[in-house]
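Summary of structural features
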Amino acid sequence: MMENFITDRIQSQAISDLKKVIAVPSYLSEASDKAPFGPGPKKALETILSIADDMGFKTFEDPDGYYGYADVGQGDKTFGLVCHLDEVPAGNVDDWDSDPYHLEERDGKLFGRGTQDDKGPTIAAMYAVKALLDAGQKFTYQIRFIFGTDEETLWRCLAEYNKKERPIDLGIAPDAEFPLIYAEKGLQQAYLVGPGSDELQMNVVDSFNAVPGQSIYRGPKQNEVLKSLEEHQFDADQEVDQIIVKGRSVHAMNAPEGINSTVRLGIALADVFPKIEAFQFLKAFGEDANGTNLLGDVSDDVSGRLTFNISSLQIDSKQSRLQIDLRIPVKIDHDQLIKQLKEAVQKFTLTYQDFDYLAPLYVPTDSKLVETLLSTYRDVTGDLKSQPTISGGATFARTMPNTVAFGAMLPTTPDFMHQVNERWSIQDMNTAMKIYAEAIYRLCVK
Ligand SMILES: [Zn+2]
């Protein structure tokens, strides 16, 4: 029989502390002294550290305000739980049924910005450890909660942590789904820059991580452009002074499932403006978001195929510029691939400019960590069907060695992250706490 460490008292304390952190809006804003991501993330960090203090953990706040951590237990090795206290803005507060910064309980659910991402899971994991302490368990590891404050944008908090602190030995990031994510593709965002043009100017820009679903052309030769779109059988509408090319937007990690309206526009423009190399590049690239026409088949047996998203088309008299997002299979050599890419785009007089790179995550499924986390999840929930997954997305797990994303959402939990009326059911939160307590018991106590 498994012991249930999560008492009623633990549950109610967890909710009352979650209330304290939800009450602190913590989205990115202008930097101020010792608050590189603005006062909100800094205050949320200090709130969680004071909660950790009250639990008896030893806390530390980075003097420059990038991150903090809380330690408990002793051992030569460190088991880390990598969390984040920043969040995305609530959006239009009037769209919410209740104040996003006041944790409200309705119909067994906890409403508020950050309940799922990532304040709720952070508190759940902390109370799982607190429950083990209350039950008199002794840890054979040092357990360290690492609190980042810049997860939703550029991860500068963890970059700073890794500059100043030693890495953990193994751990989890409670910021995704159960059972666990053991592989995340490498993520490269970059620009392809080429010569400018006097023939036309355009500025079609989406975010790096979205396949453009609609692209507007306002330049010259609109009738020819429309004809070219028709010849390619690309869906488009002409309005008074513009053409709207239609696609289907999806997240860049699923780029092959979308329809890229900017690539379609570029392909059509290649026929009308044959001298502009950026269009010739897009024509050669084609509609294959695995990048096969450019790089051949790039894939591995663990994480599948490369995805390649192009999300901007900017041209003025000085330069042309495309932004690209590559999700690189975990076993592919990054430097080699980028070298190959540089050579391939050179033919179109484009040069490669690095923007941001996140190395991949890969912890084999036959490792002790993955086997223990998976069997814990199965024993606690009885769900034997759900399998460990790979992802093109990114969690903090990849910032640390031997670390996987583990919960806190169950496969049956509806996803409200980043959405209006974000909420997490109390029952699912309790299940997550049980899983975390049992997993840490098996890994760090026995
Ligand atoms: Zn998150």
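In the block above lies the structure referred to throughout.
Model, not experiment: these values are computed from the prediction.

Some points on the packing of helix α6 (residues 261-272) against helix α7 (residues 277-285)
Put simply, α6 and α7 touch, their axes get as near as 8 Å, and they point 115 degrees apart. The way α6 lies across α7 gives a crossing that is left-handed. The residues of α7 that touch α6, namely those facing V263, G266, I267, L269, A270 and D271, are F279, Q280, L282 and K283. Its residues assigned to classes, the contact of α6 with α7 shows six nonpolar, two polar and two charged.

Quick notes on helix α9 (residues 334-346)
Here α9 is 13 residues long and its end C-alpha atoms lie 18 Å apart, about the 18 Å a rise of 1.5 Å per residue gives. All buried positions along α9 are accounted for by H334, L337, I338, L341, A344 and V345. All buried residues of α9 lie within an arc of 120 degrees about the axis, which places them on one face of the element. Exposed residues pointing more than 90 degrees away from the buried face of α9 are listed as D335 and Q346. Lining the buried residues of α9 we find β10 (186-195), α7, α8 (292-295), β17 (307-310), β19 (319-328) and β20 (351-358). Put simply, D333 is the residue that caps the front of α9, since its side-chain oxygen is 3.1 Å from the backbone nitrogen of D335.

Some details on helix α3 (residues 119-134)
Over its 16 residues, α3 extends 22 Å from the first C-alpha to the last, a length consistent with the 22 Å expected when each residue adds 1.5 Å. Of all 16 residues making up α3, 14 are buried, and the element is well covered by its neighbours. Looking one or two residues past α3, G136 carries a phi angle of roughly 80 degrees, positive in sign.

Digging into the state of the cysteines
In total, this model carries zero disulfides according to the counting rule given. Residue C157 stays outside any disulfide, its sulfur separated by 11 Å from that of C83, the closest cysteine. In this model C444 remains outside any disulfide bridge; the closest cysteine sulfur is found in C83, 14 Å from its own.

Concerning the sheet that holds strand β14 (residues 242-246)
Spatially, the three strands line up as an open sheet ordered β12-β14-β13, and their pairing is antiparallel. Both outer strands of the open sheet, β12 (214-217) and β13 (236-239), are each paired with one neighbouring strand and no more. With strand direction ignored, the average angle separating the axes of adjacent strands in the sheet is 20 degrees. In this sheet, β14 lies alongside β13 in antiparallel orientation, the contact comprising four bridges. Paired with E239 across the bridge in β14 is Q242.

Concerning the sheet that holds strand β25 (residues 423-425)
The strand order across the open sheet built from three strands is β4-β5-β25, with neighbouring strands paired in antiparallel fashion. Strands with a single pairing partner mark the edges of an open sheet, and in this sheet they are β4 (104-106) and β25. Across the sheet, the mean angle from the axis of one strand to that of its neighbour is 25 degrees, orientation sign disregarded. Where strand β5 (residues 109-111) lies against β25, three bridges are found, and the strand directions are antiparallel. Looking at the pairing, K109 lines up with S425 of β25. Strands in contact with helix α11 (residues 426-444) are β4, β5 and β25; relative to β25, the strand with the most contacts, it is inclined by about 70 degrees.

What to know about the packing of aromatic side chains
Per the counting criterion, the structure on display carries 19 aromatic pairs. Both rings, one in Y67 and one in Y161, keep their centres 5.2 Å apart while their planes meet at 75 degrees; by these two values the pair is edge-to-face. Of this pair, Y67 sits in strand β2 (residues 67-72) while Y161 sits in helix α4 (residues 156-164); the two residues are 94 residues apart in sequence, bridging distant segments of the chain. Between F178 and Y377, the aromatic rings sit 5.7 Å apart at their centres with planes inclined by 20 degrees, giving stacked as the arrangement. Taken together, the positions of F178 in the loop between β8 (176-177) and β9 (181-184) and Y377 in helix α10 (residues 368-381) put the pair 199 residues apart, joining distant regions of the chain. Judged on exposure class, the residue F178 and its partner Y377 are both buried. Feature note: the residues F60, Y67, Y69 and Y161 constitute an aromatic cluster, connected by ring pairs. When the ring centre of Y191 is taken as origin, the NZ or CZ atom of R321, which lies over that ring, is 3.8 Å away. In this arrangement the basic side chain of R423 is found over the ring face of F416, its NZ or CZ atom lying 3.8 Å from the centre.

Here's the deal with unusual backbone geometry
For the peptide bond that leads from D117 to D118, omega is -5 degrees, which places it in the cis range. The peptide bond linking G407 to A408 adopts the cis configuration, its omega dihedral lying at 10 degrees. Within the secondary structure, A408 sits in strand β24 (residues 408-409). Of note, W155 is a non-glycine position whose phi angle comes to about 65 degrees, a positive value.

Overview of the environment of C83
Examined against the element boundaries, C83 turns out to sit in strand β3 (residues 78-84). The spatial distance from the C-alpha of C83 to the C-alpha of T149 is 8.8 Å, given a sequence separation of 66 residues. Setting aside chain neighbours within four positions, we find C83 in contact with D118, T122, F145, I146, F147, G148, P174 and F396.

Rules and cut-offs
- Residues numbered from 1 in each chain as written.
- Predicted model: local features only at pLDDT ≥ 70, side-chain atom pairs only at ≥ 80, totals over all residues.
- Heavy atoms only, no water.
- Axes fitted to C-alpha atoms, helices over the stretch in contact; angles between N-to-C directions.
- Helix = DSSP H or I, 4+ residues; strand = E, 2+ residues; numbered from the N terminus.
- Left-handed = near helix turned anticlockwise from the far one by under 90°.
- Contact = heavy atoms within 4.5 Å.
- Nonpolar A, V, L, I, M, F, W, Y, C, P; charged D, E, K, R; others polar.
- Expected span 1.5 Å × (residues − 1).
- Buried < 20%, exposed > 50% of the residue type's maximum accessible area, 1.4 Å probe, protein only.
- Arc of directions from axis to C-beta.
- Polar contact = N/O pair within 3.5 Å; in protein donor to acceptor, adjacent residues only side chain to side chain.
- Disulfide = S-S within 2.5 Å.
- Pairing = 2+ DSSP bridges.
- Phe/Tyr/Trp six-rings, centres within 6.5 Å; stacked < 30°, edge-to-face > 60°.
- Lys NZ or Arg CZ within 6 Å of the ring centre and 35° of its normal.

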